[in-house]
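# Residue-level structure breakdown
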Amino acid sequence: MSDTTAAVAAKAPAKKGGAGLNIAIGVSAVVTAIGIALWAVQISGGMVQTAMRNLDSWGLYITSFMFFVGLSAGGLIISSVPKAFGLKGFGGISKVAVMTSIAATVAAIGLVVVDMGQPFRVWELFVYSNLGSPLMWDIIVLMVYLILSCVYLWAQIAAEKGKVSHAALRVISVVALVCAVTVHSVTAWIFGLQQSHEMWHTALLAPWFVSSALVCGTGLVICAAVALRAAGYLTWEQADLVKLAKLLAVFLLVDLYFFGCDLLTEGFPAASGAEIVAMLVSGPLAPFFWGEVVLSVLAVVICVVPSLRTTPMMVAAGLFAIAAIFCKRVQLLVGGFQVPNLDYPAAMTPFTVTDWQGNMATAYQGLVYWPTPLEFGIALGVVALGFLVFFLGLKLLPLKPADEQ
């Protein structure tokens, strides 16, 4: 057998998905089913089975929701920017990037659903909707965003077949880019417009969310593209990987700049936010604060030092960037509840305060919130749903570049 024939034979299984992809689909489906079963337990027993209480009414689900919205927005931006501005792009990963965006959006919506105590009354959100609430803005924008992502993916596939003009695809790319920025800005406004939580109430939050989306979205695209190249699913030039790594370094530096600006504003001498800086630097949230800083710096170093830009190291940089942004999300959500804004709850019971046997001072001594095993299991099931959508997209849709179909 010649080398050319052997190469074609080696790639043949991957063209139809391959056994590895089928196994990944099966494992994702099983974990998703387990998550649904645990969600049924949560619905039957009530939200009291979670660690969320009056002092901390949002937890792992909304933290992960913020994180996955960022992943989705970043993937779509990476795909749409080159087409919107007529740039060369990053090789044949455009459709894969959009597929990661769709999968992450499905997971984000799923996390909102499991956070609802009565999900079967979701129709009331629309019947009795308050259009003056950022929560309602986010629901509307997120649904539009998912639909637009699917339309954008279809347009790319149709354009390769000559059914959609390049001018039309460019228009859709611009709309997709605007929607990607909007969806993350609206998510930020859910927190940033709440004056009662000092850590959230800042005009910087929306652009900061967008920069974080670019960081983790770029990291996700790097990891996904390298994994698919290793599996023989697509051919991807190393130069394109290096370009994405350099872009990741820029996004990380911008995100760290926003972080530094926020810390300086809060912790400047005599500023009222000094306690927030202390809580992050040396308090209960210090592991997440220093985790974000260290992981971000390591990722930047890998991406800017040529000798470190090997494929495994750049994948590590992508994973570091993703983990850093998740640490940021934990800081933001838990930190917003960590600073007391109530003199006392209605009653000190296991149903209203996590550390209910003490007083309000003891309730804030450590982390006010840490997820229960049930929350971890349900969140893992929703994440598996996102992976399932992505793997099914790889198997059923022509996501390879046109010349490799």
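Residues numbered from 1 in each chain as written. Predicted model: local features only at pLDDT ≥ 70, side-chain atom pairs only at ≥ 80, totals over all residues. Heavy atoms only, no water.

Per an unreviewed UniProt entry, the protein goes by Molybdopterin-containing oxidoreductase family membrane subunit and derives from Parvibacter caecicola. UniProt lists a comment for the protein under the heading Sequence similarities (unreviewed entry), and it reads "Belongs to the NrfD family." What UniProt states about the protein under its Subcellular location (unreviewed entry) heading is, verbatim, "Cell membrane". (UniProt positions renumbered as here; feature names shortened; annotations may be inferred.)

### Considering the overall build of the protein
Looking only at helices and strands, the protein features 14 helices and zero strands. For the protein, the N- to C-terminal ordering of α and β elements is α-α-α-α-α-α-α-α-α-α-α-α-α-α. By the burial criterion, 52% of the 405 residues in the protein qualify as buried. Here the contacts in the protein between residues at least 6 apart in sequence split such that 79% fall between residues at least 24 apart. Just so you have it, the protein exposes about 18,100 Å², and 72% of that area is on carbon and sulfur atoms. (Helix = DSSP H or I, 4+ residues; strand = E, 2+ residues; numbered from the N terminus. Buried < 20%, exposed > 50% of the residue type's maximum accessible area, 1.4 Å probe, protein only. Contact = heavy atoms within 4.5 Å. Areas by Shrake-Rupley, 256 points an atom, 1.4 Å probe, with all protein chains shown as cover.)

### Things to note about a nonpolar patch on the surface
A surface patch of nonpolar side chains, about 560 Å² in accessible area, is lined by V122, L125, F126, L131, I140, M143 and V144. Counting residues per element, the ones that place at least two in the nonpolar patch are α5 (124-127) and α6 (134-160). The leading source of residues in the nonpolar patch is α6, at three residues. As for its placement among the helices and strands, V144 is situated in helix α6. (Patch = residues over 30% accessible without salt bridge, like charges linked within 9 Å, V, L, I, M, F, W, Y side chains within 5 Å. Salt bridge = Lys/Arg side-chain N within 4 Å of Asp/Glu carboxyl O.)

### Points about the packing of helix α9 (residues 238-267) against helix α11 (residues 286-304)
Taken N-terminus to C-terminus, the directions of α9 and α11 make an angle of 145°; their axes are 9 Å apart at the nearest point. By crossing handedness, the relation of α9 to α11 is classed as left-handed. Contacts between α9 and α11 pair A245, K246, L248, A249, L252, L253, D255, L256, F259 and L263 from the former with F289, E292, V293, S296, A299, V300, C303 and V304 from the latter. In terms of residue class, the contact of α9 with α11 is made up of 14 nonpolar, one polar and three charged. (Axes fitted to C-alpha atoms, helices over the stretch in contact; angles between N-to-C directions. Left-handed = near helix turned anticlockwise from the far one by under 90°. Nonpolar A, V, L, I, M, F, W, Y, C, P; charged D, E, K, R; others polar.)

### Re the pattern of salt bridges
Any two side chains of opposite charge can pair, on the condition that their charged atoms come close. Counted under the stated rule, the structure contains four salt bridges. Between K95 and E160 there is a salt bridge whose closest N-O contact spans 2.7 Å. Linking K95 in helix α4 (residues 94-115) with E160 in helix α6, this pair joins segments that are 65 residues apart in sequence. Classification of K95 as buried rests on a relative accessible area of 4%. Residue classification places E160 among the partly exposed residues on the basis of a relative accessible area of 38%. K243 serves as the salt-bridge partner of D240, at 3.6 Å between the closest nitrogen and oxygen. Highlighted residues: D240 and K243, both in helix α9, separated by three residues, approximately one helical turn.

### A short note on the confidence of the model for the protein
Of the residues in the protein, 87% have a pLDDT of 70 or more, and the chain-wide mean is 84. Segment residues 1-15: pLDDT under 50, and ten contacts once partners within four positions in sequence are set aside and those in other chains are kept. (pLDDT = per-residue confidence, 0-100.)

### Concerning the nonpolar core
The biggest cluster of nonpolar side chains holds 121 residues, and the ones touching the most others in it are F191 and F390. At 15 residues, the largest contribution of residues to this core is made by helix α8 (residues 205-230). Both domains that furnish three or more residues to this core are identified here as domain 1 (20-193 + 372-404) and domain 2 (208-339). (Core = buried A, V, L, I, M, F, W, Y, C linked by side-chain atoms within 4.5 Å. Domains from an automatic or database assignment.)

### Section: the packing of aromatic side chains
Counted by the stated rule, this structure contains 15 aromatic pairs. Measuring from ring centre to ring centre gives 5.3 Å for F67 and F326, while their planes differ by 85°; the resulting arrangement is edge-to-face. Residue F67 is located in helix α3 (residues 60-84), and its partner F326 is located in helix α12 (residues 311-338); the two are separated by 259 residues in the primary sequence. Judged by relative accessible area, which is 28%, F326 ranks as partly exposed. Ring geometry for F289 against W290: centres 4.8 Å apart, planes inclined by 85°, an arrangement best described as edge-to-face. An aromatic cluster is present here, built from W58, F191, W200, F209 and F337 joined pairwise through their rings. Across from the ring centre of F259, 4.6 Å away, lies the NZ or CZ of K328, which sits over that ring. Here R329 stacks its cationic end above the ring of F209, 4.3 Å away from the centre of that ring. (Phe/Tyr/Trp six-rings, centres within 6.5 Å; stacked < 30°, edge-to-face > 60°. Lys NZ or Arg CZ within 6 Å of the ring centre and 35° of its normal.)

### Comments concerning empty space enclosed by the protein
Under the definition given, this model contains one cavity of 30 Å³ or more. Roughly 140 Å³ of internal volume is contained in the largest cavity. Looking at side-chain class alone, the lining of the largest cavity contains eight nonpolar, two polar and five charged residues. (1 Å grid on protein atoms, 1.4 Å probe; cavity = no way out; pocket = protein on both sides within 12 Å on 5 of 7 lines; lining within 4 Å. Points joined across faces, edges and corners; volume = space filled by probe spheres on them.)

### Topic: the side chain of S94
Note that S94 resides in helix α4. If we ignore the near neighbours within four places in the chain, the residues touching S94 are S79, K83 and Q156.

### Thoughts on α12
Compared with the 40 Å implied by 1.5 Å per residue over 28 residues, the 40 Å span of α12 between its first and last C-alpha is a close match. Summarising burial for α12: 21 of the 28 residues are buried, a large majority. (Expected span 1.5 Å × (residues − 1).)

### Thoughts on the environment of L392
Considering the arrangement of structural elements, one finds L392 in helix α14 (residues 373-396). Separated by 289 residues in the primary sequence, L392 and A103 place their C-alpha atoms 9.8 Å from one another. Contact partners of L392, with chain neighbours within four places excluded, come to I25 and L397.

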